[in-house]
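One letter stands for each residue in the lines below.
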Amino acid sequence: MDLVKSIEVKEGRKHLSAKRYKWKQKLTPFGFMSPVLLIFSLFLFFPVLFAFFMSFHQWGMIGTPEFVGVENYVRLFKDPLFWISIKNTLIFSLSVPLKVAIALFIAVLLNQKIRGLGFYRAAFFFPVVLSMVVVGLVWQWMFSPSYGFINYVLEKLGLPLQNMLIDSDQAMIVLIIVSIWKGLGSNLLLFLAGLQAIPSSVYEAAEIDGASSWQKFWHITVQLLKPTTLFVLIITLIGSFKIFDLAYVITGGGPGTSTMVLVHYIYQEAFQRFDMGYASAAAYVFFIILFILTLVQMRVFKSDSEF
């Protein structure tokens with residue numbers, strides 16, 4: 001009996017040790033991840049929850065928040081400036097197909113064997129690493145009505161001078177031009193990666209069948225780049241909704257409210273008028289818009305059969 005008990009105790013210890021080992025294996029990764037999880041909790045999860053809490057309160061960053069229920073949301077949807085900011089954001093987002101098309105066109109050109117290829121790729125990617133504030137200031141000087149380089153060139157060419165930064169019909173065009181230049185490099189990099197993943201044998205087979213350059217581009221390049229094109233389209237669309245720094249530095253939301261975008265509107269309510277509850281409500285509406293865009297992205301990406 002003592003021998004049987006001894007064996008049972010040993011087996012029990014082995015079983016307990018195996019269970020502890022399995023739990024140790026499961027918990028060890030979380031131990032390594034704990035510093036990152038702590039930072040994310042402090043700077044991401046907590047602000048998100050706090051903003052949701054504040055969206056139902058009125059608070060000017062001083063004193064005790066006052067609960068107002070859904071009053072901030074009701075007030076938000078009655079504010080004409082809020083709808084103007086959404087309209088301007090949508091107008092700016094209409095440039096997304098143009099951004100994608102330009103990036104694809106240049107990527108196809110840079111995928112050829114040409115002299116100085118590395119220099120051209122680096123030159124197109126260089127704006128991506130620049131600060132948005134620096135880019136905004138440089139282009140603000142470029143488009144300046146009095147001393148800007150753009151008007152200097154127009155004057156030398158004998159063309160009429162333009163006041164693009166103070167013309168409500170042209171200010172948004174300036175933002176679109178600058179955003180195309182700034183974001184071209186990242187889209188270009190993604191398209192180049194997609195192009196280089198296409199086997200050269202596919203093009204060789206098409207040449208043997210007598211396909212023209214346009215036919216190869218349309219029936220091979222465009223078709224095999226559909227997943228990459230879709231990804232670039234979605235991230236560019238989401239990025240266009242989040243525009244703030246370019247509009248803030250170059251036009252300041254003006255002239256008037258012609259370039260007042262949604263994030264600028266939230267910033268103005270939060271840090272200029274110090275209406276944190278109202279700004280939190282606007283931020284959550286903005287979050288819902290981006291969330292819907294993300295769901296659309298996930299839904300489309302699940303349709304792998306289309307590609």
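Residues numbered from 1 in each chain as written. Predicted model: local features only at pLDDT ≥ 70, side-chain atom pairs only at ≥ 80, totals over all residues. Heavy atoms only, no water.

Draft legend 1. Quick peek at the pattern of salt bridges. If you walk through the whole model with that rule in mind, you get three salt bridges. Here Glu 207 and Lys 216 are joined by a salt bridge, their closest N and O atoms 3.0 Å apart. Its relative accessible area of 15% is what places Lys 216 among the buried residues. (Salt bridge = Lys/Arg side-chain N within 4 Å of Asp/Glu carboxyl O. Buried < 20%, exposed > 50% of the residue type's maximum accessible area, 1.4 Å probe, protein only.)

Draft legend 2. Structural context of the nonpolar core. Within the largest apolar cluster, 29 residues are counted, with the highest numbers of intra-cluster contacts made by Leu 76, Phe 82, Tyr 265, Phe 286 and Leu 290. For this core, the secondary structure elements donating two or more residues are α1 (2-54), α2 (71-78), α3 (80-93), α11 (226-241), α13 (262-271) and α14 (276-302). For this core, the leading source of residues is α14, giving 10 residues. Membership of the second largest hydrophobic core comes to 18 residues, among which are Leu 192, Leu 195, Ala 206 and Val 232. (Core = buried A, V, L, I, M, F, W, Y, C linked by side-chain atoms within 4.5 Å. Helix = DSSP H or I, 4+ residues; strand = E, 2+ residues; numbered from the N terminus.)

Draft legend 3. Spotlight on the packing of helix α9 (residues 200-208) against helix α10 (residues 213-224). Where α9 contacts α10, the two axes come as close as 11 Å, and the packing angle between them is 145°. For the crossing formed where α9 meets α10, the hand is right-handed. Residues Val 202, Tyr 203, Ala 206 and Glu 207 of α9 lie in contact with α10, whose contacting residues are Lys 216, Ile 220 and Thr 221. (Axes fitted to C-alpha atoms, helices over the stretch in contact; angles between N-to-C directions. Left-handed = near helix turned anticlockwise from the far one by under 90°. Contact = heavy atoms within 4.5 Å.)

Draft legend 4. Molecular detail of a nonpolar patch on the surface. A surface patch of nonpolar side chains, about 650 Å² in accessible area, is lined by Phe 287, Ile 288, Phe 291, Ile 292, Leu 295, Val 296 and Met 298. Inspection of the secondary structure puts Phe 287 in helix α14. Owing to a relative accessible area of 45%, Phe 287 belongs among the partly exposed residues under this scheme. (Patch = residues over 30% accessible without salt bridge, like charges linked within 9 Å, V, L, I, M, F, W, Y side chains within 5 Å. Areas by Shrake-Rupley, 256 points an atom, 1.4 Å probe, with all protein chains shown as cover.)

Draft legend 5. Representation of the packing of aromatic side chains within the structure. Scanning all chains against the criterion turns up 23 aromatic pairs. On the numbers, 6.2 Å between centres and 85° between planes, the contact of Phe 50 with Trp 59 is edge-to-face. Consider the rings of Phe 52 and Phe 56, whose centres lie 5.2 Å apart with planes at 85°: the pair is edge-to-face. Taking relative accessible area as the criterion, Phe 56 reaches 21% and is therefore assigned partly exposed. (Phe/Tyr/Trp six-rings, centres within 6.5 Å; stacked < 30°, edge-to-face > 60°.)

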